[in-house]
Amino acid sequence: EDQTIVVWDYYGSASPITAAVPEFEKTHTNIKVQVEALDWDSMLDKFPVAVSSGAAPDLVTADMTWLPTFASGGLLSDLTPV
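Not measured: the values here are computed from a predicted model.

Thresholds applied
- Residues numbered from 1 in each chain as written.
- Predicted model: local features only at pLDDT ≥ 70, side-chain atom pairs only at ≥ 80, totals over all residues.
- Heavy atoms only, no water.
- Phe/Tyr/Trp six-rings, centres within 6.5 Å; stacked < 30°, edge-to-face > 60°.
- Buried < 20%, exposed > 50% of the residue type's maximum accessible area, 1.4 Å probe, protein only.
- Helix = DSSP H or I, 4+ residues; strand = E, 2+ residues; numbered from the N terminus.
- Lys NZ or Arg CZ within 6 Å of the ring centre and 35° of its normal.
- Pairing = 2+ DSSP bridges.

Below, the discussion takes up the packing of aromatic side chains. Both the distance between ring centres and the angle between the ring planes are used here to describe each pair of aromatic rings. On inspection of all chains with the given rule, the structure shows five aromatic pairs. Here tyrosine 10 and tyrosine 11 contribute two aromatic rings whose centre-to-centre distance is 4.7 Å and whose plane-to-plane angle is 20°, an arrangement assigned as stacked. Note on tyrosine 10: relative accessible area 14%, which makes it buried. With a centroid separation of 5.1 Å and 55° between ring planes, the pair formed by tryptophan 40 and tryptophan 66 is classed as tilted. Taken together, the residues tryptophan 40 in helix H2 (residues 40–52) and tryptophan 66 in the loop between strand S3 (59–60) and helix H3 (67–72) connect sequence positions 26 residues apart. The class of tryptophan 40 is partly exposed, set by a relative accessible area of 35%. Taken together, the ring pairs connect Tyr10, Tyr11, Trp40, Phe47, Trp66 and Phe70 into an aromatic cluster. Lysine 46 extends its terminal NZ or CZ atom over the ring of tryptophan 8, reaching a point 5.0 Å from the ring centre.

What follows is the structure, encoded as structure tokens:
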């Protein structure tokens, strides 16, 4: 079954995500990656709202200064089991 992974990325043209997508999709033919570009301010404002409303992306690029706030707010998933 085909799947789509939604990624919110604020790095713009310097993004390592964008460069990695073609190879990822080539080796994972049933997965498509949809990268949505947001600017830094939009990401900081939009991500908490998206999580609390149940409409969060699958992955985000997050500035390390945001992590304590996101973690304490319960906005991040523990990927240890994965």
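Structure's up, so let's keep going.
Looking now at the sheet that holds S3. Two modes of strand pairing occur in sheets, parallel and antiparallel, and in both the strands are linked by backbone hydrogen bonds. Here we have three strands laid out as an open sheet, ordered S2-S1-S3, and parallel in their pairing. The open sheet is flanked by strand S2 (31–37) and S3, the only strands paired with a single partner. Here strand S1 (residues 3–9) runs beside S2; their pairing, made up of seven bridges, is parallel. Paired with valine 7 across the two strands is valine 35, which belongs to S2.

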